[in-house]
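As a plain string of letters, each chain reads:
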Amino acid sequence: MKKMMRRILGSALALAMTAGLLSGCGSAYDPVKDVMGYKGSTVMFTVNGRDVTAEEYLFWLAQQADSANMYLSAMDSEDNQGSVWDMEVQEGVTAGDSIKEAAQQYAILYSVVAGKAQAEGYSYGREDKAAYQEELATAKEQLGGEEAYETYLKSMCISDSGFEKVSSVGVLYDHMLQGMFQEGKDGAATQEDLEKFAQDNDVLAAKHILLLTQDSQTGQALSEEEAAQKKAKAEELLAQLQAISDPAQLEEKFDELMNAFTTGEMVQEFEDATRALEPGQISGLVESSYGYHIILRLEPTCAPVRTMWNEDQLNTLTGQWVEQAEVVTTETYDNLSVGDFYDKLTA
């Protein structure tokens, strides 16, 4: 879920780069009222008694509808006399129905996570808010300034404060991830848990040293002479590492970054070489399209594997929370037409 949240919010922000400019949006601007005629604070449904407002839900609906529109339009035929949103995607289910439900599932997920975080004592504090404001300032600059950001808010039918609220759920998720499974707590993974998880999910872990044979900025291959120099340096490093007998000292010589990965996540040469090692062993020179690697395989109980285990556990829990959630919709939600919403949003 952590990666999903960042991917969704990052992709959504990128949409603003292709939008036009919107002027006159103050801090009190309500894009939901501007688009739909009712306030962003209007309750669409409740999740375990917690309100999900129009701006919290329509944010997800705008993304789902925007993503689906181009695909549905391409599928549309001249024989179809109605809206693309009325196209059946499966028996008895229209595209509009499917998109409306998908957006609701995202909103339910975020509401459930926020509720569970609050119940467990995790909060979005001053440091979190300060970090968010710094990240937002950078994002605004990359988007082209304040007006472009305001355009994004309107295109996603959400206010500035509403977007921060949605974004804060990712922070709460991180806090739970770091707190619920800390070593020493009841929920923490044992050594046996981590070993079984790594085996069941084909997880490998390693540190490595990489001497690039391509330009780090352009990706262009170095000259043969430069590549030969890199190989010679890699061979020299390898000889030095092979002379170290103390495992702790050996690990210190490698990059601080540790990787835990599964099949297909790394280049094939790296994966094959790691798989051929026992934990604590180092490879010879491994050549890939990136350059020359020297790999140290790590134990399945190392920190990156623990992080993967933690994420897997919390993902499983959030799935259960969503499945068990009690959702009660309002008349506003029940009467909402995806086609009508999207027409108004893009008018």
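Scroll up for the structure.
Residues numbered from 1 in each chain as written. Predicted model: local features only at pLDDT ≥ 70, side-chain atom pairs only at ≥ 80, totals over all residues. Heavy atoms only, no water.

**Some words on the sheet that holds strand E1 (residues 43-47)**
- The three strands lie next to each other as E2-E1-E9, forming an open sheet whose pairing is antiparallel. Edge positions in the sheet fall to strand E2 (50-53) and strand E9 (327-329), since each has one partner strand and no second. Direction aside, neighbouring strands of the sheet carry axes that sit 25° apart on average.
- Here four bridges tie E1 to E2, and the two strands are oriented antiparallel to one another. The partner of threonine 46 across the bridge, within E2, is aspartate 51. (Pairing = 2+ DSSP bridges. Helix = DSSP H or I, 4+ residues; strand = E, 2+ residues; numbered from the N terminus. Axes fitted to C-alpha atoms, helices over the stretch in contact; angles between N-to-C directions.)

**Things to note about the nonpolar core**
- Counting 81 residues, the largest nonpolar core has Phe45, Tyr57, Leu58, Leu61, Trp85 and Phe341 as its most contacted members.
- Sort the elements by how many residues they give to this core and helix H4 (residues 95-120) lands first, with 11 residues.
- When neighbours within four sequence positions are excluded, phenylalanine 45 is seen to be in contact with Arg50, Asp51, Val52, Tyr57, Gln104, Ala107, Ile108, Val327, Val328, Thr329, Thr330 and Tyr333. (Core = buried A, V, L, I, M, F, W, Y, C linked by side-chain atoms within 4.5 Å. Buried < 20%, exposed > 50% of the residue type's maximum accessible area, 1.4 Å probe, protein only. Contact = heavy atoms within 4.5 Å.)

**Observations regarding the sheet that holds strand E7 (residues 286-287)**
- Read from one edge of the open sheet, four strands run E6-E5-E8-E7, paired in antiparallel fashion. Each edge of the open sheet carries a strand with a single partner, namely strand E6 (259-261) and E7.
- Pairing between E7 and strand E8 (residues 291-297): two bridges, direction antiparallel. Counted as the bridge partner of glutamate 287 is tyrosine 292 from E8.
- Across the sheet, helix H9 (residues 224-242) touches strand E5 (204-212) and E8, and the angle it forms with E8 is around 20°.
- Sheet strands touched by helix H11 (residues 268-276): E5, E6, E7 and E8. Its angle to E5, the strand with the most contacts, is close to 130°.

**A word on the packing of aromatic side chains**
- Using the criterion set out here, one finds 12 aromatic pairs in the structure.
- Each ring, one from phenylalanine 45 and one from tyrosine 57, has its centre 5.7 Å from the other, and the planes form 75°; the classification is edge-to-face. Here phenylalanine 45, found in strand E1, pairs with tyrosine 57, found in helix H3 (residues 54-75); they are 12 residues apart in sequence, far enough to count as distant. Both residues of the pair, phenylalanine 45 and tyrosine 57, count as buried. (Phe/Tyr/Trp six-rings, centres within 6.5 Å; stacked < 30°, edge-to-face > 60°.)

Don't take any of this as a statement about function, it's just geometry.
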